[in-house]
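Residue-level listing of the chains:
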Amino acid sequence: LADELGVSRSTIRMAISKLQDRNMVQRRQGVGTYVRELIKIPNPLDEFIDFSYLIKQTGYQPGYRTYAKIVELNDDMLDVLQLPSGSLVLDQRKIFTADDDPFIYVINHIPVWVFEDAISHEEALKPDLTDPFVEFFELTCRQKISHFVLTVRADIYENIDPPTELVNDGPHTPVLVVDETGFNEDDQPIVHSREFHPGNWMTFQLIRRLGNHYYSDTI
């Protein structure tokens, strides 16, 4: 490239670094640098839509891997889910893929009281237990989700303790972190989810209402 373009190697290296910062190329140590095909999946933040459905609707083959266990919650999550000390939850971790690229990481915490009258602790560890997600609470647990309360923040990859296979461009890859708590019709929290969206794989849209006017923002 330096010979073809008539520039120095340092200029080429700087240009490729900028392309990498914008997620347009991917460097693989010992292999080379490749142009990245960006995945752009629209995600409306004002409504709950299953990730597998979103991925499929965008034209990619959806998939996921699930890891689950029953654990005691830490103090911060006890407050979020309004549970007493020592309470048990299902800790379910999912990696969603599009055409086999793992690019969304989700941690679900579901209090044991929500499902223990319907299924055993052993059954709760099944990979496909919560699919479809909203229907699992309504049909299996008899706990209809009334609404979600959601917060969004920015972070970087090295701060989120992600699984190693999650697609990223190094420790400073930007990550959008979405925290949401689902409440039943009695206004009790019955699930907390934390989503990690590294890089530039998904676009987020939110409609904000002001009087009789609607405003659409994209992240």
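*Asks:* How would you explain the overall build of the protein chain if you had to name every residue and give the values?
*Replies:* If you tally the helices and strands in the protein chain, you get six helices and eleven strands. Evaluated residue by residue, the protein chain yields a buried proportion of 41% over its 219 residues. In the form shown here, the protein chain has an accessible surface area of approximately 13100 Å², with 48% of it arising from carbon and sulfur atoms.

*Asks:* Lay out the side chain of H192 with the relevant residues and their values.
*Replies:* Along the chain, H192 falls in strand β9 (residues 189–198). Excluding residues that lie within four positions of it along the chain, H192 makes contacts with M77, V80, L81, I107, N108, H109, D179, E180 and T181.

*Asks:* Describe a negative patch on the surface, and please don't skip the residues or the numbers.
*Replies:* Together, E135, E138, E185, D186 and D187 line one region of the surface with negative charge. In this structure, D187 sits in the loop between β8 (174–184) and β9. Classification of D187 as partly exposed rests on a relative accessible area of 47%.

*Asks:* Give a detailed account of the side chain of N108, specifying residues and quantitative values.
*Replies:* If you trace the backbone, N108 turns up in strand β6 (residues 101–111). At a separation of 2.6 Å, a polar atom in the side chain of N108 contacts the side chain of S193. Ignoring any residue separated from it by four or fewer positions in sequence, one finds N108 in contact with L90, D91, Q92, F133, H192 and S193.

*Asks:* For the sheet that holds β6, give the residues involved together with the corresponding values.
*Replies:* To summarise the sheet geometry, strands pair through backbone hydrogen bonds and adopt either a parallel or an antiparallel arrangement. Taken in spatial order, the six strands make up an open sheet running β4-β5-β6-β9-β8-β7, and their pairing is antiparallel. Only two strands of the sheet have a single partner each, and these edge strands are β4 (62–72) and β7 (145–156). Direction aside, the axes of adjacent strands within the sheet are offset by 15 degrees on average. In the sheet, β8 pairs with β9 via nine bridges, with the strands oriented antiparallel. Paired with G182 across the two strands is V191, which belongs to β9.

*Asks:* Account for the pairing of strand β5 (residues 88–98), with residues named and values stated.
*Replies:* Across the eleven residues that make up β5, a large majority, nine, are buried. As paired elements, β4 and β5 share eleven bridges and run antiparallel to each other. Within β5, the position partnered with V71 by the bridge is V89. Summarising the sheet, β5 and β6 pair through ten bridges and their orientation is antiparallel. Note that in β6 the partner of L90 across the bridge is I110. In this antiparallel pair of consecutive strands, β5 and β6, the connection spans two residues, and D99 shows a positive phi of 50 degrees.

What counts, and at which threshold
Residues numbered from 1 in each chain as written. Predicted model: local features only at pLDDT ≥ 70, side-chain atom pairs only at ≥ 80, totals over all residues. Heavy atoms only, no water. Helix = DSSP H or I, 4+ residues; strand = E, 2+ residues; numbered from the N terminus. Buried < 20%, exposed > 50% of the residue type's maximum accessible area, 1.4 Å probe, protein only. Areas by Shrake-Rupley, 256 points an atom, 1.4 Å probe, with all protein chains shown as cover. Contact = heavy atoms within 4.5 Å. Patch = residues over 30% accessible without salt bridge, like charges linked within 9 Å, V, L, I, M, F, W, Y side chains within 5 Å. Salt bridge = Lys/Arg side-chain N within 4 Å of Asp/Glu carboxyl O. Lys, Arg positive; Asp, Glu negative; His and termini not counted. Charge placed at Lys NZ, Arg CZ, Asp CG, Glu CD. Polar contact = N/O pair within 3.5 Å; in protein donor to acceptor, adjacent residues only side chain to side chain. Pairing = 2+ DSSP bridges. Axes fitted to C-alpha atoms, helices over the stretch in contact; angles between N-to-C directions.

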